[in-house]
Amino acid sequence: ARKLSPPVLQLSWPDFGGALILAGGLALTIEITIRLAASSHFGGRTSAFDFGIKCSSGAADDCVERNAAFVPEFNSFGHCIQGCFSLLLFPSALLLGRPFKL
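Undergrad: What is the right way to look at the overall build of the protein chain in this model?
TA: Assigned secondary structure in the protein chain consists of two helices and two strands. N-terminal to C-terminal, the α/β element order of the protein chain is α-β-β-α. Expressed as a percentage of its 102 residues, the buried residues of the protein chain come to 12%. A separation of at least 24 residues holds for 12% of the contacts in the protein chain among residues at least 6 apart in sequence. Roughly 9,000 Å² of accessible area belongs to the protein chain as shown, and the carbon and sulfur atoms make up 67% of that amount.

Written as structure tokens, this is what we have:
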């Protein structure tokens, strides 16, 4: 009987465009983590991804809009779909469409 060996997974560094996307994602993750950590200062709740009050300008009287993530509106769905499509920019996503060979 022929002995089957598990497939070898080769890891490689992404190309320049992929590295830029990863760097931007890392920077955004750090920024969002810091903002969520300070959400109680702005009247928000970390567990609900509520960042607190959002100001559109520097004026204090303009800070009335809530800044909650994942609310049922167009921008939330649009950003979710945009994030899903950005995964297709990586060459490893091409492997998902190929049949598995032993």
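Undergrad: Is there a simple way to think about the layout of surface pockets in this case?
TA: Considered as a void within the structure, the largest pocket measures approximately 1,000 Å³ in volume. Listed by contribution, the elements that provide at least two residues to the lining of the largest pocket are α1 (16-37), β1 (50-54), β2 (65-68) and α2 (74-86). Classifying every residue of the lining of the largest pocket gives 12 nonpolar, 10 polar and six charged.

Undergrad: In this structure, what is going on with α1? I would like to understand it.
TA: Helical geometry: 3.6 residues make up each α-helical turn, so side chains three or four residues apart lie on a common side. The terminal C-alpha atoms of α1, which comprises 22 residues, lie 32 Å apart, in line with the 32 Å expected from a rise of 1.5 Å per residue. Listed as buried for α1 are Gly18, Ala19 and Leu36. Viewed end-on, α1 has its buried residues packed into an arc of 125°, placing them on one side of the element. What points out from α1, more than 90 degrees from its buried face, is the exposed set Phe16, Leu20, Glu31 and Ile34. In this structure, the buried side of α1 is in contact with β1.

Undergrad: How should the confidence of the model for the protein chain be read in this particular structure?
TA: Atom-level detail of predicted coordinates should not be read off regions where pLDDT is low. The pLDDT averaged across the protein chain works out to 78; a share of 78% of its residues lies at or above 70. Within the protein chain, no element has a lower average pLDDT than β2, which sits at 78, and none a higher one than α1, at 87.

Undergrad: How should a nonpolar patch on the surface be read in this particular structure?
TA: Nonpolar side chains collect at one region of the surface, where Leu26, Ile30 and Ile34 lie side by side and expose about 310 Å² of accessible area between them. As for its position among the elements, Ile30 is in helix α1. Here Ile30 falls in the partly exposed class, since its relative accessible area comes to 47%.

Procedures and definitions
Residues numbered from 1 in each chain as written. Predicted model: local features only at pLDDT ≥ 70, side-chain atom pairs only at ≥ 80, totals over all residues. Heavy atoms only, no water. Helix = DSSP H or I, 4+ residues; strand = E, 2+ residues; numbered from the N terminus. Buried < 20%, exposed > 50% of the residue type's maximum accessible area, 1.4 Å probe, protein only. Contact = heavy atoms within 4.5 Å. Areas by Shrake-Rupley, 256 points an atom, 1.4 Å probe, with all protein chains shown as cover. 1 Å grid on protein atoms, 1.4 Å probe; cavity = no way out; pocket = protein on both sides within 12 Å on 5 of 7 lines; lining within 4 Å. Points joined across faces, edges and corners; volume = space filled by probe spheres on them. Nonpolar A, V, L, I, M, F, W, Y, C, P; charged D, E, K, R; others polar. Expected span 1.5 Å × (residues − 1). Arc of directions from axis to C-beta. pLDDT = per-residue confidence, 0-100. Patch = residues over 30% accessible without salt bridge, like charges linked within 9 Å, V, L, I, M, F, W, Y side chains within 5 Å. Salt bridge = Lys/Arg side-chain N within 4 Å of Asp/Glu carboxyl O.

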